[in-house]
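Chains, contacts and geometry: an overview
Chain residues, written in single-letter form:
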Amino acid sequence: MAHAHPPLDPVKTERAWVEVNPSALRANLATVTAAVGPDVKIIPMVKADGYGLGVADVVDALDSDQVYAWGVATVAEGSELRQLGVSKPVMVFSPVWVGALPRALADNLTVTVSSLEVLAELRRLADATETRASFQVEVDTGIGRAGFPDAEVTSWREALGSRGPNLKWSGCFTHLHSADEVGGAGVAEQERRFEETLRSLGPLPDDCLTHYCNSAGALRLHRTGMDAVRPGIFLYGGSVGPDLPSPHPVVRVSGRIVHLRKARAGDSLGYGATHRATKTECWATVALGYGDGLPRCLGNRGHGIVAGTTVPILGRISMDMTTVDVTQVSGVRTGDPVTFVGGDQGAVVPLDEVARLAGTISYEILTGLGARLPRVWLTDETEVGRQVHEIQR
Ligand SMILES: *Cc1c(COP(=O)(O)O)cnc(C)c1O
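Residues numbered from 1 in each chain as written. Predicted model: local features only at pLDDT ≥ 70, side-chain atom pairs only at ≥ 80, totals over all residues. Heavy atoms only, no water.

**Side note on the site of the ligand**
Within the structure, the ligand sits among M45, K47, Y51, F93, H175, N214, S215, R230, P231, G232, I233 and Y363. Here H175 contributes a side-chain N or O atom positioned 3.4 Å from a nitrogen atom of the ligand. Coverage of the ligand by the protein amounts to 91% of the 390 Å² it exposes when considered alone. Looking at the shell around the ligand residue by residue, the class counts come to six nonpolar, four polar and two charged. (Near = heavy atom within 4 Å. Polar contact = N/O pair within 3.5 Å; in protein donor to acceptor, adjacent residues only side chain to side chain. Areas by Shrake-Rupley, 256 points an atom, 1.4 Å probe, with all protein chains shown as cover. Nonpolar A, V, L, I, M, F, W, Y, C, P; charged D, E, K, R; others polar.)

Shown next, in the form of structure tokens:
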């Protein structure tokens, strides 16, 4: 899985870049579909620019008969998919500000309704424009941040029942807060509360989908009896639980060595001079920093990979540069790539390990990858491996 460096466009890869492997993305989707079975609809979550990888290419890579709809967080993200020519249902999952509803209607997005205020405004707009507006209802079974409270179902089910002819109720869902915890009791409790709410709502419209599983839920509770699942992070290579299948790595983040320096004992490095050479050392400065999304807290803690050898990050990471210790690696030259997330020639710095060291989660690492890093989508891995040395040096 740790593939060699591909022949990269020298302009795009002048300093640093993110490689994305579409076959790994598809393989992770296949793992989810196999777990939930053929009758459960798949709604890949592609919010936050496809978890930072570039939504247009993510949709391109994943689109297939198995994908029923796409999930986003905002109306603007939904509209972007329509502009890309996406014709499948596009579901907006965060609560929508009423000011954004006209755009949602115009672009035929399925919005989430978590309050009577939004339901009433959606109805007013749908009636005024004589448009059929599609919406889903979120039920809050413990996440707290959004959704109609399950305990108050009697106070909101009336309004849904009398929603009028222009509102199409197309889904009812809840969101798990602890599906990634092994043996967590939270999931069973939320399932119970969701099922109770569904019972209390009575029969739903024929094509109204019920769903509640994110990646971890889909893999943990396979064949749930619900209509759909909403996988996200697992598709992009983030692990969702130590007891669950591992995803194929999807991304590799690398930068080029732009400066080599022989340091003598006592020489200081970086802001705050937090590293001092204790002997003769060889320092390699890589053209990638926290301005590209490499967490600054990995200074003096994290690692990079140079030609298959894992090397420590020295000193503080700065906005545009990071220095690694290549004293133990022979033949290092400027222009050589250093990998900070992903694998290279047998050595790996896993995405989840980077996140753990930085005190965060893989989601934040991926969505924090800077706009300055070109996303380089791999095409054919065999070809990639063959040409490696031609480009690197
Ligand atoms: C982001 C999101 C998901 C996907 O969660 P992962 O943990 O990334 O699989 C599912 N459902 C909703 C409502 C979300 O916002």
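So, next bit.
**Notes on helix α1 (residues 22-36)**
Taking 1.5 Å per residue as the helical rise, α1 with its 15 residues ought to reach 21 Å, and the 22 Å between its terminal C-alpha atoms agrees with that figure. If you check which residues of α1 are buried, you get P22, A24, L25, N28, L29, V32, T33, A35 and V36. Buried positions along α1 lie against β1 (16-20), β2 (41-42), α3 (55-62), α9 (215-220), β10 (228-229) and β20 (375-377). (Helix = DSSP H or I, 4+ residues; strand = E, 2+ residues; numbered from the N terminus. Expected span 1.5 Å × (residues − 1). Buried < 20%, exposed > 50% of the residue type's maximum accessible area, 1.4 Å probe, protein only. Contact = heavy atoms within 4.5 Å.)

**Description of the packing of aromatic side chains**
We describe a pair of aromatic rings using the distance from one ring centre to the other and the angle between the two ring planes. In total, this model carries six aromatic pairs according to the counting rule given. Between F135 and W169 the ring centres are 6.4 Å apart and the planes differ by 10°, which places this aromatic pair in the stacked class. Of the two residues, F135 is situated in strand β6 (residues 133-140) and W169 in strand β8 (residues 167-173); the sequence distance between them amounts to 34 residues. Aromatic pair F148 and W156: ring centres 4.7 Å apart, planes at 20°, arrangement stacked. Connected via pairs of aromatic rings, a cluster forms that spans Y51, Y236 and Y363. It is K41 that lies over the ring of Y68; its NZ or CZ is 5.3 Å from the centre. (Phe/Tyr/Trp six-rings, centres within 6.5 Å; stacked < 30°, edge-to-face > 60°. Lys NZ or Arg CZ within 6 Å of the ring centre and 35° of its normal.)

**So, the pattern of salt bridges**
What the rule picks out here adds up to 18 salt bridges. Put simply, D127 and R123 hold a salt bridge, and the shortest N to O gap is 3.7 Å. Of this pair, D127 and R123 are both found in helix α6 (residues 116-129), four residues apart, which corresponds to roughly one turn of the helix. The class of R123 is partly exposed, set by a relative accessible area of 32%. (Salt bridge = Lys/Arg side-chain N within 4 Å of Asp/Glu carboxyl O.)

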